[in-house]
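So the chains spell out like this:
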Amino acid sequence: MANITKKVSWSSRADESGATGEGTPLLNGSEQPRHSRQIGRLSTVDLEEEITSEEDSLRGRPKEIPHNEKLLSLKFESLDYDNIENQLFLEEERRMSYMGFRCLEISRWVVCGLIGFLTGLIACFIDIVVEELAGFKYQVVKENIEKFTEVGGLSISLILWAVLNSAIVMVGAIIVAFFEPIAAGSGIPQIKCYLNGVKIPRVVRLKTLVVKVCGVICSVVGGLAVGKEGPMIHSGAVVAAGVSQGRSTSLKRDFKIFEYFRRDTEKRDFVSAGAAAGVSAAFGAPVGGVLFSLEEGASFWNQMLTWRIFFASMISTFTLNFFLSIYHNKTGDLSSPGLINFGRFESDSVAYNLYEIPLFIAMGAIGGLLGALFNVLNYWLTIFRIRYVHRPCLQVMEAMLVAAVTATVSFTMIYFSNDCQPLGPEHTEEYPLQLFCADGEYNSMATAFFNTPERSVRSLFHNQPDTYNPLTLGLFTLTYFFLACWTYGLAVSAGVFIPSLLIGAAWGRLFGRLLAAITSSGSIWADPGKYALIGAAAQLGGIVRMTLSLTVIMVEATGNVTYGLPIMLVLMTAKIVGDYFVEGLYDIHIKLQSVPFLHWEAPATSHWLTAREVMSSPVTCLNRIEKVGTIVDTLSNTSTNHNGFPVVVQVTGSDEPAKLCGLILRSQLIVLLKHKVFVELARSRLTQRKLQLKDFRDAYPRFPPIQSIHVSQDERECMMDLSEFMNATPYTVPQETSLPRVFKLFRALGLRHLVVVDDENRVVGLVTRKDLARYHLGKHGLEELQLAQT
């Protein structure tokens, strides 16, 4: 216990006998807040009690919401990634023949194919709509600027640009803030939590998908410093969650297919495939999509899942490119990258030399430092938003402000820039602006700002070496860095991949230009495009801390494996340097939302903790044959709201724990109450249909609340036999098991409940996700988070 700053005195076990007891103090030595109450053994803080005053209650909502990242939210529940092996499940599995299992495996491949196809269609739709709307907007603004450049009054062009951006972004912010707030941001942190086993409300709903797609179109067309890739990953995950269930609960349509997959375990695997298909569609990188799902998303993996996910990714890329080729009147070109086309580095002139490797590593360190700075600034900005910008109307106003400021800054930078370049026949600029340049020339600053971010990245990668002067690159890097940092976290659907790549490509190209200027033989640094590529990888790696998957994505997106080694070295360096200062951006936002996320390993200094000290107790248990009234009262108890109940042989009148014989979930009990599965009714009606697994699957995933189940006074006196429906072989651990061992078992098996028993198999406690997630390594060693009603 040398790593603990202050002595820890654990609460007494008086609460096991029903006494209130004292709250567990924090391991970092801080006091428990005044407004607290005991749920099991966990110290909790009710934020509503903390902030409510007479004045605030009159106004309805507080002006400020206090936030502390040392809290863990109680509003998040766990998913049931462990199959419930009750008698119904085992009988169904035993009845199934070998051919039945083969048909199920074929069905999984069919579902993955459908996921890839639909994700590719959505990506194609987003790309075409963005290209058309953005093209129209930039053409209108370009003609207006050219008109007023000659006659004067460019302020009107600035107002037009700012108003167009604000109006488009306003639409996207309104549908997100007022209709589906979970669709804000990239969605990657939410999908990462879902695959970790956390039930994020509404994250894979059809409404979320519609708002996500419309929102990201408005964000990109509105000129914000955002990308489409994160929302594509979220969209693919929503498609996977819907297709794999063979029905839409939002539309109340059941197609009576894929009913076997209506459980969390199967849905989780398909959501992994959907996330990978989204990456593949965004970057044209099927292998990168698989590795992204493995490295950043999935917490559970197996070999067959790898091939199915790769199949979904391939179908997604093929579908996108097929329909885009039709849209662009191309035929047969199905090998081009997806939504984000970086172009191909095929020329020998951009090959690197071994003596450039140290320079690339140095760029990786710069990317790690800039990424850490980006994450720290965005962290404090997000804290400010949580506290003060929590009303939907304020969120919409902030998004419109950012859109207007982005347009104003872009216009100002273009207006004062004197970086004029000749407009030759080989130019690739989509909307070249002449402004104050001579005839036959264009403003190169406009190429970076007056464009969609994807086209700007491509121009930085592939334009001629002298296209941008160093001042233009430096100013663009500085301004776009802060614009992107301000934009991420708005109430709009937006990703951070492309802005990060654009920032890195700009300062990477600047790095190459400066090298060519300070060396005597500038020819070896002749092409700044390769430094733009390395800088882009370094910046993105410094922000999101991806390594293997991002290497493959960059290699696949650029079509050149030559840069695999330097990109990998750069990303590893960026991750090491960035991790020294602060976590990755996605991990920061997961922590800020107080999600009980379980990392790969338990805290390194937690071996001295045991299951007895981390478990929740006393535990609400049910008898194998229980009175219906008792079950209804237990489920209706709002102060506990438990989701799993150990089933014991017989609860005695004493406080002695009873012997464990199974585990049953709240959702199962609700289905049993809904279908009136009572012992007395079964005896009186011999023809009553026996409950099947299909009844539970039909109710999944939106099980009705207990308040909607009507139980008469006579029925309350009936008995319910839980033997057939409970999991008769739940996972258990002795109370002396160390925390790392409990953590490893819980995390690896995807458990929701882990029963703690004594040496006579009597229930003494229950370990849930929040019991494990509240321990983490802080600045002062091992710390314990408080549980909050957020």
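Procedures and definitions
- Residues numbered from 1 in each chain as written.
- Predicted model: local features only at pLDDT ≥ 70, side-chain atom pairs only at ≥ 80, totals over all residues.
- Heavy atoms only, no water.
- Phe/Tyr/Trp six-rings, centres within 6.5 Å; stacked < 30°, edge-to-face > 60°.
- Helix = DSSP H or I, 4+ residues; strand = E, 2+ residues; numbered from the N terminus.
- Buried < 20%, exposed > 50% of the residue type's maximum accessible area, 1.4 Å probe, protein only.
- Lys NZ or Arg CZ within 6 Å of the ring centre and 35° of its normal.
- Pairing = 2+ DSSP bridges.
- pLDDT = per-residue confidence, 0-100.
- Contact = heavy atoms within 4.5 Å.
- Patch = residues over 30% accessible without salt bridge, like charges linked within 9 Å, V, L, I, M, F, W, Y side chains within 5 Å.
- Areas by Shrake-Rupley, 256 points an atom, 1.4 Å probe, with all protein chains shown as cover.
- Salt bridge = Lys/Arg side-chain N within 4 Å of Asp/Glu carboxyl O.
- Polar contact = N/O pair within 3.5 Å; in protein donor to acceptor, adjacent residues only side chain to side chain.
- 1 Å grid on protein atoms, 1.4 Å probe; cavity = no way out; pocket = protein on both sides within 12 Å on 5 of 7 lines; lining within 4 Å.
- Points joined across faces, edges and corners; volume = space filled by probe spheres on them.
- Nonpolar A, V, L, I, M, F, W, Y, C, P; charged D, E, K, R; others polar.
- Axes fitted to C-alpha atoms, helices over the stretch in contact; angles between N-to-C directions.
- Parallel < 35°, antiparallel > 145°, perpendicular 65-115°, else oblique.
- Left-handed = near helix turned anticlockwise from the far one by under 90°.
- Disulfide = S-S within 2.5 Å.
- Core = buried A, V, L, I, M, F, W, Y, C linked by side-chain atoms within 4.5 Å.

Undergrad: Is there a simple way to think about the packing of aromatic side chains in this case?
TA: How two aromatic rings sit relative to each other is given by the distance of their centres and the angle of their planes. Applying the stated criterion across every chain, the model contains 25 aromatic pairs. Ring geometry for Phe476 versus Tyr480: centroids 5.2 Å apart, planes at 20 degrees, classification stacked. Of the two residues, Phe476 and Tyr480 both sit in helix α16 (residues 470–487), four residues apart, roughly one turn of that helix. Summarising the burial analysis for this pair, Phe476 and Tyr480 share the class buried. Ring centres 5.4 Å apart and planes at 80 degrees place the aromatic pair Phe481 and Phe482 in the edge-to-face group. Positioned over the ring face of Tyr260 is Arg263, at 4.6 Å from the centre of the ring. The aromatic ring of Tyr81 is capped on one face by Arg268, whose charged end is 4.7 Å from the ring centroid.

Undergrad: I would appreciate a short explanation of the sheet that holds strand β12 (residues 644–648) in the present structure.
TA: To summarise the sheet geometry, strands pair through backbone hydrogen bonds and adopt either a parallel or an antiparallel arrangement. Taken in spatial order, the three strands make up an open sheet running β10-β12-β13, and their pairing is mixed. Of all strands in the sheet, those with a lone pairing partner are β10 (622–623) and β13 (660–665), marking the two edges. Here β10 pairs with β12 via two bridges, running parallel. From the neighbouring strand, Leu622 faces β12, where its bridge partner is Val647.

Undergrad: Before we go on, may I ask you to explain the pairing of strand β17 (residues 763–767) in this structure?
TA: In summary, the side chains of a regular strand alternate between the two faces of the sheet. Of all five residues in β17, five are buried; the element is thus mostly enclosed. Bridge analysis of strand β16 (residues 754–757) against β17 gives four bridges, and the strand direction is antiparallel. Bridge assignment links Leu754 to a residue of β17, and that residue is Val767.

Undergrad: Explain the confidence of the model for the chain to me, please; I cannot follow it from the model alone.
TA: Low pLDDT marks regions whose predicted coordinates should not be analysed in detail. Looking at the chain as a whole, its pLDDT mean stands at 84, while 85% of the residues score no less than 70. When mean pLDDT is compared element by element in the chain, strand β15 (residues 732–734) scores highest at 96, while strand β1 (residues 36–39) scores lowest at 31. The low-confidence segment residues 1–62, where pLDDT is below 50, has 115 contacts with residues more than four positions distant or belonging to other chains. Here residues 331–337 is a poorly scored stretch, pLDDT under 50, and it has 14 contacts once near neighbours within four places are set aside; other chains count.

Undergrad: For this particular structure, what's the right way to read a nonpolar patch on the surface?
TA: Taken together, Leu373, Leu377, Leu478 and Phe482 make up a surface patch of nonpolar side chains, about 350 Å² in accessible area. Elements with a minimum of two residues in the nonpolar patch: α12 (357–388) and α16. With respect to the element layout, Leu373 can be found in helix α12.

Undergrad: Sorry if this is basic, but what is going on with the side chain of Ser549 here?
TA: As for its placement among the helices and strands, Ser549 is situated in helix α19 (residues 548–558). Since its relative accessible area comes to 0%, Ser549 is described here as buried. A polar contact is formed between the side chain of Ser549 and the side chain of Glu295, at a distance of 2.6 Å. In contact with Ser549, other than residues within four places in its own chain, are Gly288, Leu291, Phe292 and Glu295.

Undergrad: Even after reading the chapter, I still don't get empty space enclosed by the protein, so can you show me in this structure?
TA: Summary: where empty space remains is shown by rolling a probe the size of a single water molecule over the atoms. Under the criterion given, the structure shown has five cavities of 30 Å³ or more. Considered as a void within the structure, the largest cavity measures approximately 170 Å³ in volume. In this structure, the largest cavity is lined by 15 residues; those nearest its centre are Asp82, Ile84, Leu663, Leu665 and Asn727. The biggest single contributor to the lining of the largest cavity is β13, with three residues. For the lining of the largest cavity, the class distribution of residues is eight nonpolar, four polar and three charged.

Undergrad: Is there a simple way to think about the pattern of salt bridges in this case?
TA: Side chains that differ in charge, positive against negative, can pair when their charged atoms come close. Taken as a whole and assessed by the stated rule, the structure comprises 30 salt bridges. One salt bridge in this structure joins Asp587 and Lys192, with 3.1 Å as the shortest N-O distance. Placement of the pair is Asp587 in helix α21 (residues 585–592) and Lys192 in helix α6 (residues 188–196), with a sequence separation of 395 residues. Residue Asp587 is classed as partly exposed on the basis of its relative accessible area, which comes to 24%. For Lys192, a relative accessible area of 10% translates into the label buried.

Undergrad: Teacher, can you tell me more about the sheet that holds β16 here?
TA: As summarised here, the arrangement of the three strands in space is β15-β16-β17, forming an open sheet in which the pairing is mixed. Edge strands, defined here as strands with exactly one partner in the open sheet, are β15 and β17. Adjacent strand axes in the sheet meet at a mean angle of 30 degrees, parallel and antiparallel pairs treated alike. Pairing of β15 with β16 involves three bridges; the strand directions are parallel. Across the sheet, Pro734 pairs through a bridge with Val757, a residue of β16.

Undergrad: I keep staring at unusual backbone geometry and nothing clicks. Help me out?
TA: If a residue is not glycine, its phi is most likely negative; likewise, a peptide bond is most likely trans. Note the cis peptide between Ser617 and Pro618, where omega equals 0 degrees. For Pro618, the location among the structural elements is in the loop between α22 (611–614) and β10. Residue Pro701 is bonded to the preceding Tyr700 through a cis peptide linkage, with omega at 0 degrees. Tracing the backbone shows Pro701 in the loop between α26 (693–699) and α27 (713–716). With a phi close to 65 degrees, Arg545 is a non-glycine residue in the positive phi region. Looking at where Arg545 falls in the secondary structure, it is placed in the loop between α18 (529–544) and α19. On the basis of relative accessible area, Arg545 is assigned to the buried category, the value being 5%. Not every positive phi belongs to a glycine, and Asn761 is a case in point at roughly 60 degrees. Along the polypeptide, Asn761 turns up in the loop between β16 and β17.

Undergrad: Which parts of the structure should I look at to understand the packing of helix α5 (residues 154–179) against helix α13 (residues 392–416)?
TA: Helix-helix packing: each pair is described by the crossing angle between the helix axes and the interaxial distance. For the pair α5 and α13, interaxial distance at closest approach is 8 Å and the crossing angle is 150 degrees. Classed by the angle they form, the pair α5 and α13 counts as roughly antiparallel. Along this stretch, α5 crosses α13, giving a crossing that reads as right-handed. Each residue belonging to the contact of α5 with α13 can be placed in one class, and the counts come to 21 nonpolar, six polar and no charged.

Undergrad: Help me out: how do you make sense of the state of the cysteines in this one?
TA: Cysteine pairs can be covalently joined through their sulfur atoms, and such a bond is termed a disulfide. The full count for this structure, using the stated rule, is one disulfide. The disulfide that involves Cys420 links it to Cys437, with 2.0 Å between the sulfurs. For the disulfide bridge between Cys420 and Cys437, the dihedral angle about the S-S bond is near -85 degrees, and by the sign convention the bridge is left-handed. Taken together, the positions of Cys420 in strand β8 (residues 420–422) and Cys437 in the loop between β8 and β9 (441–443) put the pair 17 residues apart, joining distant regions of the chain. No disulfide involves Cys214; its sulfur sits 6.9 Å from the nearest other cysteine sulfur, which is in Cys218. Under the relative-accessibility criterion, Cys214 is labelled partly exposed at 36%.

Undergrad: What should I look at first to understand the nonpolar core in this one?
TA: Generally speaking, nonpolar side chains in soluble globular proteins are found buried as a group. With 142 residues, the main nonpolar core has Phe450 and Phe497 as its most contacted residues. No other element matches helix α4 (residues 98–151), which puts 15 residues into this core. Excluding its chain neighbours within four sequence positions, the residues that come into contact with Phe497 are Ile188, Glu229, Phe283, Phe292, Leu540, Met546 and Tyr586.

Undergrad: Would you mind showing me how to read helix α23 (residues 628–636) here?
TA: Because an α-helix packs 3.6 residues into every turn, residues spaced three or four apart end up facing the same way. Taken together, the buried positions of α23 are occupied by Val628, Gly629, Ile631, Val632, Thr634 and Leu635. Looking at the packing, one finds that the buried side of α23 touches β10, β11 (625–627), β12, α24 (666–674), α27 and β14 (719–721).

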